[in-house]
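Results of the structural survey
So the chains spell out like this:
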Amino acid sequence: MLTKRIIPCLDIKDGRTVKGTNFVQLRDAGDPVELALRYCEEGADELVFLDITATTENRKTLAKLVREIATHINIPFTVGGGINTIDDVSILLENGADKISINTSAVKRPALIDELAKNFGSQCVVVAIDARLIHHQWMVVTHGGRNSTMLFTRDWAKEVTARGAGEILLTSMEHDGTKGGFAIELTKEIANSVSVPVIASGGAGNMEHFADVFKKANADAALAASIFHFKEIAIPDLKKYLADNKIPVRL
Amino acid sequence: MNVVIIKYNAGNIQSVLFALERIGIQATVTDDADLIKNADKVIFPGVGEASTAMKYLKDRKLDELILSLTQPVLGICLGMQLLCKHSEENNTDCIGIFENVKVRKFNPAETHVKVPQIGWNTVYDLKSVLFSNITENSYCYFVHGYYAEASTDTIATTEYIKRYSSALQKNNFYGVQFHPEKSAVVGEQLLKNFLAL
């Protein structure tokens, strides 16, 4: 039986892992390769690395880090942050990334999704969607939540799927960093309206939140950062809890 | 040991190289016929689209070369599908080692499950030395929208929408639908088993 995936996310700044609340107030959380290895050993199903300060001069540093990660870990991983072109993706895949994630650049130029899917296959194209409640509507936001768009989240999710996204990484900016639980209604709406897997992100605070997002929202995977980095939840404990609650997980 | 990875226009070769490095093997990536023929072990990886990949292989006569190999050959994901008779992906005639096996598309309309299948699923009914020291119902990492039918060549079975072949074997040819290079310790054990053949 296909299992639900637990995905720790490592936000990268200048080669270190950081995590803040609502994408600001950064705190240092350690060496990414060391953390990645720890998560592999603990039973993480995949990893996501987001370069949150992606700039041109940082690209080489990121490629080097990706290579370092790929040589050490034996599970799939996704790299995101500042990807705008086919060349950006080529470099990351050549250095061993399994998938790449695009967000703002896809909103700016949706044809990028088609181009990446055609060149590298949908299986490696993750489209990250950040959503915020604006006048009671879930709207797509970009630039780490700073800019709003005219896109309704559900319409955008359908469009990215039609263009060839292989997975959707859905983050509720209302929930991110709050530890109050995932956005259940939003995740459920998106997961049930697209044909590709949906990774729920934002708001994980305890083990029950994970069970809820799998059972109530039909998410295919759940992503979290700080609760794993600061060892508030250990992955083996979380998986045991989910298994006890009849949710299929890889043990 | 001389291990060769067949170079063609399909992805994830780098991941296979790194996985082999982690178990102490330095492999060569090549499309040179002599190097491939003389290798002790040949790995035929792949993530991509069937008709584009087959065209590339045919243009370089790599399809005939693969068919003539006598040493252990391991097809991974698309590599395994290309060793079958035919794929529904753009109606493609494949190399045909597994001559009774057709590759079909998962039909999401049949259920509410997602296609492609992405993630960790179990393998069972393990029937080959390729799975030595791997227990029944071990988890492997899959990413695919097409599947090989169950057949007499099936050496591992997985369920997603239906029962299908997650591994095939005929003579010196082995194929796995999942990605051993990304399947943690289970995948490493499988690669070790293949190299020990």
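Residues numbered from 1 in each chain as written. Chains lettered and ligands numbered in written order. Predicted model: local features only at pLDDT ≥ 70, side-chain atom pairs only at ≥ 80, totals over all residues. Heavy atoms only, no water.

Things to note about the interface of chain B and chain A
In this complex, chain B contributes 24 residues to the contact, which on the side of chain A involves 34 residues. For the pair chain B and chain A, the summed buried area comes to about 2300 Å², and 55% of that belongs to carbon and sulfur atoms. Three residues, K114, I118 and W120 of chain B, lead the burial of chain B against chain A; their summed loss comes to 31% of the area buried on that side. For the pair chain B and chain A, the number of links is 2 salt bridges. At the junction of chain B with chain A, the criterion picks out 19 residue pairs in polar contact (both at pLDDT 80 or more). Of the residues assigned to the side of chain B that touches chain A, the class counts are 12 nonpolar, 7 polar and 5 charged. (Contact = heavy atoms within 4.5 Å. Buried area = accessible area lost by both parts, 1.4 Å probe. Salt bridge = Lys/Arg side-chain N within 4 Å of Asp/Glu carboxyl O. Polar contact = N/O pair within 3.5 Å; in protein donor to acceptor, adjacent residues only side chain to side chain. Nonpolar A, V, L, I, M, F, W, Y, C, P; charged D, E, K, R; others polar.)

Things to note about the packing of helix 6 (residues 153-163) of chain A against helix 7 (residues 184-191) of chain A
All names here are of chain A. Between helix 6 and helix 7, whose axes approach to 10 Å, the crossing angle comes to 35°. Taken as a pair, helix 6 and helix 7 cross one another with a handedness that is right-handed. Taking contact as the criterion, the partners of T153, R154 and A157 in helix 6 are, on helix 7, L186, E189 and I190. For the contact of helix 6 with helix 7, the residue count by class is 3 nonpolar, 1 polar and 2 charged. (Axes fitted to C-alpha atoms, helices over the stretch in contact; angles between N-to-C directions. Helix = DSSP H or I, 4+ residues; strand = E, 2+ residues; numbered from the N terminus. Left-handed = near helix turned anticlockwise from the far one by under 90°.)

As for the nonpolar core
Ranked by internal contacts, the top residues of the largest apolar core, which has 78 residues, are L47, F77, F210 and F228 of chain A. Excluding residues that lie within four positions of it along the chain, F228 of chain A makes contacts with I6, I7, P8, R38, Y39, F210, I233, I235 and L238 of chain A. I43, F106, F142 and F194 of chain B belong to the second largest nonpolar core, which has 36 residues in total. (Core = buried A, V, L, I, M, F, W, Y, C linked by side-chain atoms within 4.5 Å. Buried < 20%, exposed > 50% of the residue type's maximum accessible area, 1.4 Å probe, protein only.)

Comments concerning the packing of aromatic side chains
Scanning the model with the defined rule gives 14 aromatic pairs over all chains in all. Judged by centre distance (5.7 Å) and plane angle (85°), the ring pair of F49 of chain A and F77 of chain A falls under edge-to-face. You can see F49 of chain A sitting in strand 4 (residues 47-51) and its partner F77 of chain A sitting in strand 5 (residues 77-80), a full 28 residues away along the chain. With respect to burial, F49 of chain A and F77 of chain A carry one shared label: buried. Between the aromatic rings of F142 of chain B and F178 of chain B, the centroid separation amounts to 5.6 Å while the plane-to-plane angle is 70°, which identifies the pairing as edge-to-face. With F142 of chain B in strand 9 (residues 138-144) and F178 of chain B in the loop between strand 13 (173-176) and helix 6 (184-195), this residue pair connects regions lying 36 residues apart in the sequence. Among the residues examined, F178 of chain B registers a relative accessible area of 1% and is labelled buried. Ring pairing ties together the aromatic residues F106, F131, F142, Y147, Y160, Y164 and F178 of chain B, which thus form one cluster. (Phe/Tyr/Trp six-rings, centres within 6.5 Å; stacked < 30°, edge-to-face > 60°.)

A few points about the confidence of the model for chain B
Residues and elements named next belong to chain B. Confidence along chain B averages 94 in pLDDT terms, with 98% of residues attaining 70 or more. Across chain B, strand 13 holds the top mean pLDDT of 98, while helix 3 (residues 50-59) sits lowest at 92. In the model output, the complex is listed with pTM 0.93 alongside ipTM 0.91. (pLDDT = per-residue confidence, 0-100.)

Focus on the pattern of salt bridges
Residues and elements named next belong to chain A. If you walk through the whole model with that rule in mind, you get 23 salt bridges over all chains. The partner of E167 in a salt bridge is R5, and the shortest N-O contact between them spans 2.8 Å. Of this pair, E167 sits in strand 10 (residues 167-172) while R5 is found in strand 1 (residues 5-13), placing the two residues 162 residues apart along the sequence. By relative accessible area, E167 is classed as buried at 2%.

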